[in-house]
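# Examination of the molecular architecture
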Amino acid sequence: MDETDQQLLSLLRQDARLSVAALALKLKVSRGTVTNRIHKLEDDGVIVGYTVRLRPDVQHDQITAWMSIAVDGNQTRAVIAALLGEPGVAKLHDTNGRWDLLAELRAESLQELAKVLERIRLLKGISNTETSIHLETYRLS
């Protein structure tokens, strides 16, 4: 990746809905260049998807939980790939210490959360998990 790719990714992180024309104008390159670079970044697995981000306080009725995950041996990449495909995983973090990964989970109900937990615990390469349910936030950043 060169500097243009880095700038393109930065613009997309700020607003993934920017048109190719707007991206090209900001980067001072042609629309074809932007289109080709986006396709290459997608094909290379640098861009793995596009999403909508909501303010944390918008969905009051959603249950949030954090799952600490221990991974067997060198299965981390496979486990990460599987977790990124799990709709209940809102965020996934690589960590150090006792746990290998930390997943922020979102669900509409306790029953849905139980299904998410079961699906994750059945993934090959996960040796242990520990889950905490978010009860209250005292400070929003």
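No experiment lies behind these values; they were computed from the predicted model shown.

What counts and how
Residues numbered from 1 in each chain as written. Predicted model: local features only at pLDDT ≥ 70, side-chain atom pairs only at ≥ 80, totals over all residues. Heavy atoms only, no water. Salt bridge = Lys/Arg side-chain N within 4 Å of Asp/Glu carboxyl O. Helix = DSSP H or I, 4+ residues; strand = E, 2+ residues; numbered from the N terminus. Buried < 20%, exposed > 50% of the residue type's maximum accessible area, 1.4 Å probe, protein only. Axes fitted to C-alpha atoms, helices over the stretch in contact; angles between N-to-C directions. Parallel < 35°, antiparallel > 145°, perpendicular 65-115°, else oblique. Contact = heavy atoms within 4.5 Å. Nonpolar A, V, L, I, M, F, W, Y, C, P; charged D, E, K, R; others polar. Core = buried A, V, L, I, M, F, W, Y, C linked by side-chain atoms within 4.5 Å.

## A look at the pattern of salt bridges
Counting across every chain of the model gives six salt bridges. A salt bridge links Arg37 to Asp2; the shortest N-O distance between them is 2.8 Å. Note that Arg37 is positioned in helix H3 (residues 31-43) and Asp2 in the segment before helix H1 (3-14), a separation of 35 residues in sequence. For Arg37, a relative accessible area of 22% gives the class partly exposed. Overall, Asp2 belongs to the partly exposed group, its relative accessible area being 34%. We note a salt bridge from Arg119 to Glu86, for which the minimum N-O separation is 2.6 Å. Placement of Arg119 in helix H5 (residues 110-121) and of Glu86 in the loop between helix H4 (76-84) and strand E2 (89-94) is noted, with a sequence separation of 33 residues between them. The exposure class of Glu86 is buried, given its relative accessible area of 9%. Overlapping salt bridges bring together Asp2, Asp5 and Arg37 as one network.

## A word on the packing of H1 against H3
One way to put it is that H1 packs onto H3 with a least axis distance of 11 Å and a crossing angle of 85°. Classified by the angle their axes make, H1 and H3 are roughly perpendicular. Along the contact surface, H1 presents Thr4, Asp5, Leu8, Leu9 and Leu12, while H3 presents Val34, Arg37, Ile38 and Leu41. For the contact of H1 with H3, a count of residues per class yields six nonpolar, one polar and two charged.

## Notes on the side chain of Asp5
The topology assignment puts Asp5 in helix H1. If we skip the residues at most four places from it in the chain, Asp5 touches Arg37 and Leu41.

## Re the side chain of Glu104
Here Glu104 lies in strand E3 (residues 101-107). When its relative accessible area of 9% is taken as the criterion, Glu104 is described as buried. Every residue in contact with Glu104, bar those within four places of it in the chain, is listed here: Thr64, Ala65, Trp66, Gly88, Val89, Ala90 and Lys91.

## With respect to the nonpolar core
Among the nonpolar cores identified, the biggest contains 17 residues, and Met67, Ile69, Leu83, Leu105, Leu113 and Ile120 are the most heavily contacted of them. If you list the elements that add at least two residues to this core, you get strand E1 (63-71), H4, E3 and H5. Those residues within four positions of Ile69 in sequence are excluded, and the remaining contacts are Leu83, Trp99, Asp100, Leu101, Ala103, Ile126, Asn128 and Thr129. Core analysis: the next-biggest nonpolar cluster, separate from the first, contains eleven residues, Leu8, Leu9, Leu11 and Ile47 among them.

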